Amino acid sequence: MDNFCYLCFEKIKRLRMNRCFILIASLLLSVGTAVAQPSSGEDQEPSSKVNTGWLKHMDVGVSVGSTGVGIDAAFPIGKSLQVRTGFDYMPRVTMNMNFGIQVGEDSDPTVQDSKFDKLSGMLESFVGTKVDRDIDMKGKPTAYNFKLLVDVKPFRNKHWHLTGGFYWGPSKFAEAVNSVDDATSLVAVAMYNTLYERVVNAYVNGEPFINYNGHDFYLSPDETKSLYDKFTSYGRMGVHIGDFKDGTPYMLEPSENNTVRAQIKVNNFKPYLGFGYGGALLKHSDRYTVSFDCGVLFWGGTPQVLVHNYHLTEIDPSITNQDPDRPVKMEATVPTTVDLAKDLDNVRGKVGTYTRMIKKFKVYPVLNFRIARKLF
């Protein structure tokens, strides 16, 4: 009896589930039929294309040009508007730049050769490797951007379009960093400049020459004076990139990480204005299309070309010292940044060529080619 009741209960449950399934299927079928049929009346012939409201069709495309390699999706809105959204990535194409290390601010080549030969021999005995006078830097673009564009097609043939929108991405557009092969030379230069600072601080400020494990070690006054005269006669080591507006030479020195680096920075948000032309790739099919875009990105005026700057501040003449023949208190080294495009004149070498070229571009020119395939 119990088995019989159980079988009857299971049968009733299956019938209910089947009815629910049939009801849901009927509802979906009726909704699909309503979408597929025209809304103007039952007498019209059914359309072969599904009407999805404002989204008539979508295509996906790939592009290549001055903004890099990109991928996007386009959504026409009516006959005269189209929205494009996607992502552009600029390939990391490397460009080489070369600099010569300079000792002090003397520009005479003979004096520079003599100073460098003496100091390179001393540094080689410290580091154990030969110090290279030429420093190579590898420059490459680092830009990538999300984009949102709106195409307006004002003409009857719908081939030409006017475009407005924006690109958004990191502010760093490109960078240049020293090559790995020159890392040892830069470590040696950083060691010399650190030693230079210790000698100057020991003589000017009376500070200990070395502090080790909480213990201060001083040199004798004669030794400190001798080292001070020798080091200041040479000057600091670095790369003479250019000159400040007042004529003071700017020396690019290794950072606290023993590297030299430059960065080009622009605005994160970059409005875009342009125009373009597009059409079918094949004569008898609109499934594939090709187009080009030409315009400008407003990236915030002249880009910043930033490098680090390590310098000693001015001597304060109001502070007296035990020895009237000695200079007085000099503050410690402080890091700042220098904009090569704004703060310096006579920027040298390939960096100078690139900097002068970049200063001319208040906006970034855009020229892209796109090929797309219609999905529906």
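In case you missed it, the structure is sitting above this.
What counts, and at which threshold
- Residues numbered from 1 in each chain as written.
- Predicted model: local features only at pLDDT ≥ 70, side-chain atom pairs only at ≥ 80, totals over all residues.
- Heavy atoms only, no water.
- Patch = residues over 30% accessible without salt bridge, like charges linked within 9 Å, V, L, I, M, F, W, Y side chains within 5 Å.
- Areas by Shrake-Rupley, 256 points an atom, 1.4 Å probe, with all protein chains shown as cover.
- Salt bridge = Lys/Arg side-chain N within 4 Å of Asp/Glu carboxyl O.
- Lys, Arg positive; Asp, Glu negative; His and termini not counted.
- Charge placed at Lys NZ, Arg CZ, Asp CG, Glu CD.
- Helix = DSSP H or I, 4+ residues; strand = E, 2+ residues; numbered from the N terminus.
- Buried < 20%, exposed > 50% of the residue type's maximum accessible area, 1.4 Å probe, protein only.
- Pairing = 2+ DSSP bridges.
- Core = buried A, V, L, I, M, F, W, Y, C linked by side-chain atoms within 4.5 Å.
- Polar contact = N/O pair within 3.5 Å; in protein donor to acceptor, adjacent residues only side chain to side chain.
- Axes fitted to C-alpha atoms, helices over the stretch in contact; angles between N-to-C directions.
- Expected span 1.5 Å × (residues − 1).
- Arc of directions from axis to C-beta.
- Contact = heavy atoms within 4.5 Å.
- Parallel < 35°, antiparallel > 145°, perpendicular 65-115°, else oblique.
- Left-handed = near helix turned anticlockwise from the far one by under 90°.

Asker: Explain a negative patch on the surface to me, and be specific about the residues and the numbers.
Answerer: Side chains of Asp132, Asp134, Asp136 and Asp181 sit close together on the surface and give a patch of like negative charge. Among the secondary structure elements, Asp132 is positioned in the loop between helix 2 (109-127) and strand 5 (134-141). Looking at Asp132, the relative accessible area reads 37%, which means it is partly exposed.

Asker: So, the pairing of strand 3 (residues 81-89): which residues are in play, and what are the values?
Answerer: In strand 3, alternate side chains face the same way, and those of Gln82, Arg84, Gly86 and Asp88 are buried while those of Leu81, Val83, Thr85, Phe87 and Tyr89 on the opposite face are not. Of the strand pairs in this sheet, strand 2 (residues 68-77) and strand 3 are connected by nine bridges, and their pairing is antiparallel. Note that in strand 3 the partner of Phe75 across the bridge is Val83. The hairpin turn running from strand 2 into strand 3, its antiparallel successor, is three residues long, and Gly78 in that turn takes a positive phi close to 70°.

Asker: So what's going on with the nonpolar core? Which residues, and what values?
Answerer: Residues Phe173, Tyr192, Met237 and Ile241 are the most contacted members of the largest nonpolar core, which totals 53 residues. Among the elements that make up this core, the one with the highest residue count is helix 3 (residues 183-204) (nine residues).

Asker: Mind laying out the side chain of Asp243, listing which residues take part and the relevant values?
Answerer: Assignment of secondary structure puts Asp243 in strand 11 (residues 237-244). The side chain of Asp243 sits in the buried core without any salt bridge; Arg348 is the nearest counter-charge, 5.4 Å away. Within the structure, the side chain of Asp243 is placed 2.9 Å from the side chain of His240, a separation counted as a polar contact.

Asker: Account for the sheet that holds strand 1 (residues 59-65), naming residues and giving values.
Answerer: Pairing in this closed barrel of eight strands is antiparallel, and the strands run 1-2-3-6-7-14-15-19 around the ring. Averaged over all pairs of adjacent strands, the angle between strand axes in this sheet comes to 25°, irrespective of strand direction. Pairing between strand 6 (residues 144-152) and strand 7 (residues 160-168): seven bridges, direction antiparallel. Bridging across to strand 7, Leu148 finds its partner in Phe166.

Asker: Describe in detail helix 4 (residues 221-234), supporting the description with residues and values.
Answerer: Taking 1.5 Å of rise per residue, 14 residues should cover 20 Å, and helix 4 covers 20 Å from first to last C-alpha, within 8% of that figure. Of all the positions in helix 4, only Thr224, Tyr228, Phe231 and Tyr234 are classed as buried. Buried residues in helix 4, looked at end-on, bunch into an arc of 130°, giving them a common side. Where helix 4 is buried, its residues contact strand 4 (95-103), helix 2 and helix 3.

Asker: Describe in detail the side chain of Lys115, supporting the description with residues and values.
Answerer: Examined against the element boundaries, Lys115 turns out to sit in helix 2. The residues touching Lys115, leaving out its near neighbours within four places in the chain, are Val103, Asp106, Ser233 and Tyr234.

Asker: Any chance you could break down the packing of helix 3 against helix 4 for me, citing the residues and the numbers?
Answerer: The interhelical angle for the contact between helix 3 and helix 4, taken along N-to-C directions, is 130°, at an axis separation of 9 Å. Accordingly, the angle class assigned to the pair helix 3 and helix 4 is oblique. Between helix 3 and helix 4 the crossing geometry is left-handed. Taken together, the residues of helix 4 that come into contact with helix 3 (itself represented by Tyr192, Leu195, Tyr196, Val199, Val200, Ala202, Tyr203 and Val204) are Thr224, Lys225, Leu227, Tyr228, Phe231, Thr232 and Tyr234.

Asker: I'd like a description of the environment of Asn98, backed by residues and values.
Answerer: Position of Asn98 among the secondary structure elements: in strand 4. Assessed through its relative accessible area of 41%, Asn98 is described here as partly exposed. Each C-alpha atom, one on Asn98 and one on Asp134, is 6.6 Å from the other, the two residues being 36 residues apart in sequence. Discounting residues that sit within four places of it in the chain, Asn98 has contacts with Asp134, Ile135 and Asp136. A polar side-chain atom of Asn98 sits 2.7 Å from a polar atom in the side chain of Asp136.

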